[in-house]
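These are the residues of each chain, in order.
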Amino acid sequence: MGFFQQTGALSLLSARSLPQRLGASCVILVGIAGVVGVLVSILAMVTGLLQIANRSAHADRAVVMSSGTDSETLSNLSRDAVRSIADARGVRRDANNRPLASAEVLVLVHLPLRAGGSGNLTLRGVSANAFALRPELHVVAGRMFNPMLRELIVGRTAQRQFRDLQVGRRLLVRGAEWTVVGVFDGPGDQHESEMMTGVEVLQSTFQRNAFQSVTVQLDSAASFGEFRASLAGNPSLAIEVLRESDYYLHQSRAFARLLTVVAYLVGSIMAIGAIFGALNTMYAAVSARSVEIATLRVLGFEPGPIVTSVFAEALGLAALGGGLGGALAWLLFSGHAISTNGGGFTQLSVPVVVNAGLVGIGILWACVIGMVGASLPALRAIRAPLAAALKAT
Amino acid sequence: MKFIPLIWAGLWRKRTRTILTLLSIVLAFILFGVLQGVATWLNGFGAGSHTNRLYVVSRISEIQPLPSGYLSHITRVPGVRQAAQVAALVGSYQQPANTVVVLATDPRAMFALYPDWRVAPQQLQALTQTRTGVIVGARLARLYGWRVGDVIPIRTSVLKNDGTTDWSFQVVGVYDSPDQPLEEDRMIANYEYIDEARHFERGTVFAFVVGIDDPSSATRICAAIDARFANSADETLTQDEKEYVQGQIRQLGDVGSLVNAIVGAVFFTLLFLTGNTMTQSVRERIPELAVLKAIGFADGSVTLLVLTEAALLCSAAALIGLLTAAAIFPATAALGIAGTTMPARVYAFGLLIAVGLALISGLPPAWRAHRLQVVEALAAR
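Computed from a predicted model, the values in this text were never measured in an experiment.

Visitor: Hey, could you run me through the overall build of chain B in this one?
Guide: Helix and strand content of chain B: 15 helices and 11 strands. Expected size for 381 residues packed as a compact globule is a radius of gyration near 21 Å; at 30 Å, chain B overshoots this value by more than 25%. Judged by the C-alpha coordinates and their principal axes, chain B covers about 100 × 45 × 35 Å. The burial tally for chain B puts 41% of its 381 residues in the buried class. A fraction of 80% describes how many contacts in chain B between residues 6 or more apart in sequence connect residues 24 or more apart.

Visitor: How should I be thinking about the overall build of chain A in this particular structure?
Guide: Looking only at helices and strands, chain A has 12 helices and 12 strands in total. Taken over the C-alpha trace, chain A has a radius of gyration of 30 Å; the compact-globule value for 393 residues is 21 Å, which it surpasses by more than 25%. With the C-alpha coordinates of chain A rotated into their principal frame, the extents come out at 95 × 45 × 35 Å. Restricting the contact set of chain A to residue pairs at least 6 apart, pairs at least 24 apart contribute 84%.

Visitor: What exactly am I supposed to notice about the confidence of the model for chain B here?
Guide: Keep in mind that low pLDDT regions are not for reading the predicted coordinates in detail. Chain-level statistics for chain B give a pLDDT mean of 85 and a share of 93% at 70 or above. For this predicted complex, the interface confidence reaches an ipTM of 0.72, while the overall pTM sits at 0.76.

Visitor: In this structure, what is going on with the packing of helix α2 (residues 22–56) of chain A against helix α10 (residues 303–333) of chain A? I would like to understand it.
Guide: Packed helix pairs are specified by the crossing angle of their axes together with the interaxial distance, meaning the distance between the axes. Residue and element names in this part refer to chain A. Where α2 meets α10, the axes come as close as 7 Å, and the angle between the chain directions of the two elements is 45°. With respect to α10, the axis of α2 lies oblique. Pair α2 / α10 crosses with right-handed handedness. A class-by-class count of the residues in the contact of α2 with α10 yields 16 nonpolar, nine polar and no charged.

Visitor: I'm lost on the interface of chain B and chain A in this one. Help?
Guide: Where interface size is quoted, it is often the accessible area lost as the parts come together. The interface of chain B with chain A comprises 47 residues on the first partner and 46 residues on the second. Among the secondary structure elements, those contributing two or more residues to the side of chain B that touches chain A are α2 (15–44), β3 (80–92), β6 (151–156) and α10 (255–284) of chain B. Grouping the amino acids of the side of chain B that touches chain A by side-chain chemistry returns 20 nonpolar, 21 polar and six charged.

Visitor: Even after reading the chapter, I still don't get the pairing of strand β8 (residues 186–190) of chain B, so can you show me in this structure?
Guide: Regular strands show a simple pattern: their side chains alternate between the two faces of the sheet. Residue and element names in this part refer to chain B. Of all five residues in β8, five are buried, a share of seventy percent or more. As paired elements, strand β4 (residues 99–105) and β8 share five bridges and run parallel to each other. Opposite T105, over in β8, you have N190 as the bridge partner. Pairing of strand β5 (residues 133–137) with β8, which is carried by three bridges, proceeds in the antiparallel orientation. Across the sheet, the residue bridging to I135 is I188, located in β8.

Visitor: Looking at this model, I keep getting lost on the packing of helix α1 (residues 3–17) of chain A against α10(A). Mind explaining?
Guide: All names here are of chain A. In the contact formed by α1 and α10, the axes pass within 8 Å of each other and the chain directions differ by 45°. With respect to each other, α1 and α10 are oriented oblique. Remark: the crossing between α1 and α10 carries right-handed chirality. Facing α1, whose interface residues are F3, Q6, T7, L10, S11 and S14, α10 presents G304, P305, I306, T308, S309, A312 and E313. For the contact of α1 with α10, the residue count by class is five nonpolar, seven polar and one charged.

Visitor: Before we go on, may I ask you to explain the environment of B:G203 in this structure?
Guide: All names here are of chain B. Along the polypeptide, G203 turns up in the loop between α7 (191–197) and β9 (204–205). Between the alpha carbons of G203 and L237 there is a distance of 19 Å; along the sequence they are 34 residues apart. Ignoring sequence-local partners within four residues, the contact set of G203 consists of P67, S68 and D195.

Visitor: Help me out: how do you make sense of the nonpolar core in this one?
Guide: Side chains of a nonpolar character, in soluble globular proteins, are inclined to be buried together. Membership of the largest hydrophobic core comes to 169 residues, with the highest contact counts inside it found for A:I32, A:A44, A:V214, A:V354, A:I369, B:F29 and B:L31. Aside from chain neighbours lying at most four places away, what touches B:L31 is A:V266, A:I269, A:M270 and B:V266. Core analysis: the second largest hydrophobic core is formed by 59 residues, B:W117, B:V174, B:Y175 and B:Y244 among them.

Visitor: Got a minute to help me understand the pairing of strand β6 (residues 170–173) of chain A in this structure?
Guide: All names here are of chain A. By the bridge criterion, four bridges tie β6 to strand β7 (residues 176–185) in an arrangement that is antiparallel. Looking at the pairing, R170 lines up with T179 of β7. In textbook terms, the turn of a hairpin is the stretch between consecutive antiparallel strands, and for β6 and β7 this stretch comprises two residues, one of which, R174, has a positive phi near 50°.

Visitor: Quick question: what am I supposed to make of unusual backbone geometry here?
Guide: Phi is mostly negative for residues that are not glycine, and the peptide bonds are mostly trans. Residues and elements named next belong to chain A. Phi at D164 is positive, roughly 60°, even though this residue is not glycine. Mapped onto the fold, D164 is located in the loop between α5 (156–161) and β6. C-beta crowding within 10 Å serves as the criterion here: with 12 such atoms nearby, D164 is assigned to the exposed category. For Q207, which is not glycine, the phi dihedral falls at a positive 45°. Note on placement: Q207 falls in the loop between α6 (199–205) and β9 (213–217). Taking the C-beta count within 10 Å as the criterion, Q207 has 11 such neighbours and is therefore assigned exposed.

Visitor: Whenever I open this one, the environment of A:A59 confuses me. Can you help?
Guide: All names here are of chain A. By the secondary structure assignment, A59 is in the loop between α2 and β1 (61–66). Given 14 C-beta atoms within a 10 Å radius, A59 is considered partly exposed. Leaving out residues up to four positions away in the same chain, A59 has contacts with A221, R243 and S245.

Conventions adopted
- Residues numbered from 1 in each chain as written.
- Chains lettered and ligands numbered in written order.
- Predicted model: local features only at pLDDT ≥ 70, side-chain atom pairs only at ≥ 80, totals over all residues.
- Helix = DSSP H or I, 4+ residues; strand = E, 2+ residues; numbered from the N terminus.
- Rg over C-alpha atoms; globule rule 2.2 N^0.38 Å.
- Buried ≥ 20, exposed ≤ 12 C-beta atoms within 10 Å, placed from the backbone.
- Contact = placed C-beta atoms within 7 Å.
- pLDDT = per-residue confidence, 0-100.
- Axes fitted to C-alpha atoms, helices over the stretch in contact; angles between N-to-C directions.
- Parallel < 35°, antiparallel > 145°, perpendicular 65-115°, else oblique.
- Left-handed = near helix turned anticlockwise from the far one by under 90°.
- Nonpolar A, V, L, I, M, F, W, Y, C, P; charged D, E, K, R; others polar.
- Pairing = 2+ DSSP bridges.
- Core = buried A, V, L, I, M, F, W, Y, C linked by C-beta atoms within 7 Å.

As structure tokens, this is what we get:
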């Protein structure tokens, strides 16, 4: 018999005897499912975080803030600066030849969360052109706010996260009553975790003259350089110009990195634990079959196929466990959202996104655990002296 | 006591298996120790905080500015000993990643409110006399090599009246805080200098720190301060130090439930491993256990032997794991997510879990040993 025939026959043999070693095999299965489940769940949060950033970001838009900061919360731009930015070269203009730019003011409002406790929700004051600039945002219930009145619209995610934000509700902010007149949704971006209102009303309520950021629609993604150069030539401006895509990725990068480190750190420690478990199981499997394996060797089966069949058993179990872990993570968490600090001081609702790529990583991780767990027992299987192994009965 | 050698022999019957099981439990407890340590540390953060310090921020949100004129009203509230206004200038030194926070305040009041921050009296005197002066935390001074007399440029996003956003400060002193080393990363500057030089938000502060004489009246004073500004445009939210700090931590999101979920998954996985090992070990030893019973061991004693074995394995592994976790815990402080020592209650909680683990994984095989019929077990041989 050739190598492959022998391996095939042996693998079939061990697969058939698997039910007799069910308890021990479950250890590999459950152990690895646990490791992969945890790994995939945490990585799924990272995926969700980056998904928000990606969906918020468009390469053909730019965000301008005052220099020295990378967050809108800390930025301050004067009215003159805002005018220069909107009139810069490279900014697309609408049918009435007005620049597609929105000068914005951010106010954080402390509100009760549905889950209990309270958190900060961003109230973003936007210019008239803001929704022409962001066509991906649509009002899905109620109506658009009137920019002259204390009216606001609420992002769908924010509405799910915070209490008392239904259309028609009134909020008391800085001694003034604001009415929720509509709900908007988008592609699952950061703005869905915000409220929006007219920028002038917000400025007058909070007695602010300054703006915090300007978002502009560029002629095309390639116009960014021209836009930035045009602003750099203006010595009266102390500003930071970023592509929208860079801005949002930068915002979530630190947190995404921390979570990834945690995922792989916890995943590795658990994996080592699972390798010990797998070693135990495979040693038990090999020792339970020691007579059988010795008999096979006497019958002329080569060590190669025997080792391979032990590996095949461990790999099969591991891959199954990995798939199980991925499926568990998907069943338990996919579609859920985790409330966390979205950089700065605001609450962000991060969706947990389990996708095929993550499950793939999980299964790969599982196979490595299985391989390492099978290696030593496989060696023992073929190293045992034949006579002693046969006598063990 | 006389059975110890017997239990010991039972444990080491299959050396490889016992070591592997031990190691996997050790790893689980290392994970448990570190994760639970971080969670406990975060929950207890601010527990050592001063109950005689209150923080007044805007009720709208903690970054909404308040008028600096509130200071005189706050100091007149009965029970208030002293108060200081605080505005924050967030910027960076040399590189964007080197974030520094300059607190614009009344330095004398500030150092009186934080007696843990130690500074030489003449340096504090120098700060009150040097308009652009700053007293820096010892950690910052070490990190950036700042010495008294240095002029340090800080890049910010805060526009000055002269149209630039670069600020400069002259180092006039260094403070340290041996009990709270994490607090050594601030810069204390004069409020008047920063407020008069900035273009926006002039006359506003970010918070007031309030010192009170009697911590037991904190609740009453908080309510009195908030009542003073009720129905004004800028309503306040006054909290004691612990509440305030806890509020900041809570914003990190639900760290606790995330940790619990991971630890839960780890222990569930582990339970399966140990439970299986114990069952296997008892199954292999059925004839031996039968012999023990045949020579006169009571059912209870045999059960106890098996259970003790499980308990010994679990608690030894737990102890090794927790000690290892305690040894590597200071690394979390380096990452800036937790303290330098693992909280003591993590040990207690861990050992409790070890006992539970031993019971759950040890009981089924112990029960099996209990019900063992000597005749059948020996006959099966």
